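# Results of the structural survey
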Amino acid sequence: MDEELVYIKELETYKLIEIVQDILGFEETSAALLELYNRDINIAFELGIDILDNNKGDDYLQAIVFDIIYDIKPNRTLDSICKRKAEIGVVLLGDIMSEMSIDYYSSTEIEIPDKLLYMLLRRYSSLSKYEQEKIINYYIEFEEFLKKKGDLES
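Below: a short report on this structure. Per chain, residue numbering runs from 1 following the sequence as it is written. With the structure being a predicted model, the display of local features is reserved for residues of pLDDT at least 70 and the display and counting of side-chain atom pairs for 80 or more, all residues being used for whole-chain, interface and lining totals. To get the side-chain values, all heavy atoms of the structure are used, and hydrogens and water are removed first.

Let us look at empty space enclosed by the protein. Empty pockets left among the atoms are what a rolling probe the size of a water molecule brings to light. Method remark: on a 1 Å grid restricted to protein atoms, a set of points is classed as a cavity if a 1.4 Å probe fits but cannot get out and as a pocket if it is open with protein on both sides within 12 Å along at least five of seven lines; lining residues have an atom within 4 Å of a point. Grid points are joined across faces, edges and corners, and a volume is the space filled by probe spheres set on the points. The tally for this structure, following the rule as stated, stands at one cavity of 30 Å³ or more. Roughly 30 Å³ of internal volume is contained in the largest cavity. Looking at the largest cavity, the residues that line it are V20, Q21, I23, L47, D50, I51 and K56. What counts as a helix is a DSSP run of H or I of at least four residues, what counts as a strand is a run of E of at least two, and both are numbered from the N terminus. Counting residues per element, the ones that place at least two in the lining of the largest cavity are helix 1 (13-22) and helix 3 (41-53).

Turning to helix 9 (residues 136-149), a few remarks are in order. In a regular helix each residue adds 1.5 Å, so 14 residues correspond to 20 Å; helix 9 covers 20 Å between its end C-alpha atoms and thus fits that length. Listing the buried residues of helix 9 in full gives Y139, F142, F145 and L146. Buried residues of helix 9, viewed axially, fall in a sector of 120°; they line one side. With respect to the buried face of helix 9, the exposed residues turned more than 90 degrees away are N137 and K148. Here, residues are in contact when the closest pair of their heavy atoms is within 4.5 Å. Among the structural elements, helix 6 (90-105) and helix 7 (114-126) are those in contact with the buried residues of helix 9. Just downstream of helix 9, G150 is the residue with a positive phi angle, here 95°. The span expected for a helix works out to 1.5 Å for each residue beyond the first. For every residue, the accessible area obtained with a 1.4 Å probe (protein chains only) is divided by the maximum for its type, and the residue is called buried under 20%, exposed over 50%, and partly exposed between those limits. By definition, the arc is the one covered by directions from the helix axis to the C-beta atoms.

On to the nonpolar core. Counting residues in each nonpolar core, the largest one holds 47 residues, and the members touching the most others are I81, M100, L120 and F142. Listing elements by their share of this core, those giving two or more residues are helix 1, helix 2 (26-39), helix 3, helix 4 (59-70), helix 5 (74-83), helix 6, helix 7 and helix 9. If we ignore the near neighbours within four places in the chain, the residues touching L120 are I88, L93, I96, M97, M100 and F142. Side-chain atoms within 4.5 Å link the members of a nonpolar core, which is a set of buried Ala, Val, Leu, Ile, Met, Phe, Trp, Tyr and Cys residues.

Inspection of the secondary structure assignment puts Q132 in helix 8 (residues 129-134). On the basis of relative accessible area, Q132 is assigned to the buried category, the value being 12%. For Q132, the contacting residues outside a window of four places in its chain are Y124, S125 and L127.

Structural measurements only, silent on function.
This is the structure:
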C-alpha cells in the first residue's frame, strides 16, 4: 500500500464503506475495499458485487474489485459478470480470462456457465486490434484453458 494510503488502515469500518460506496478514487477505493476484506469479508463482497453489477467506477477499478471478490465467492462473482448489462471493459475482460484459466489449472470446483464463456469470446473478438493486443497473453491462456476443457476446438 502506498504511504499516502496508510491512513486507510486506521479508519473505522463505516468510513471504509463510505469510501467504497462513493468511489472517491481508484487507489483509495481499492485500498478501502482491501481493508474491508481483511475486516469483514461479507461487507467487502457485497460492496464489490454492487460495483460490478452496476458498472460503477472505471475498468481498472472493476478489475481490482473482481480480483478481490472472486476469491470470496467465485461462482456468485461469475454469475454477476454473466448477468451484467454493461459491456465488459478490456482490463476487466483480461482479468476474468486470467482468473478462470488459473482456476482451471488449480483444479478448483468453479462452475463456469457456457453462456459466460461465449460472452467473453464474443467480447474479445469485438475489440479493436489495439485492445486485443493489450490482453493477448490473457486471451492465449484462456484459449488454452478452453481447449483443455473441451469447449474450443484446436
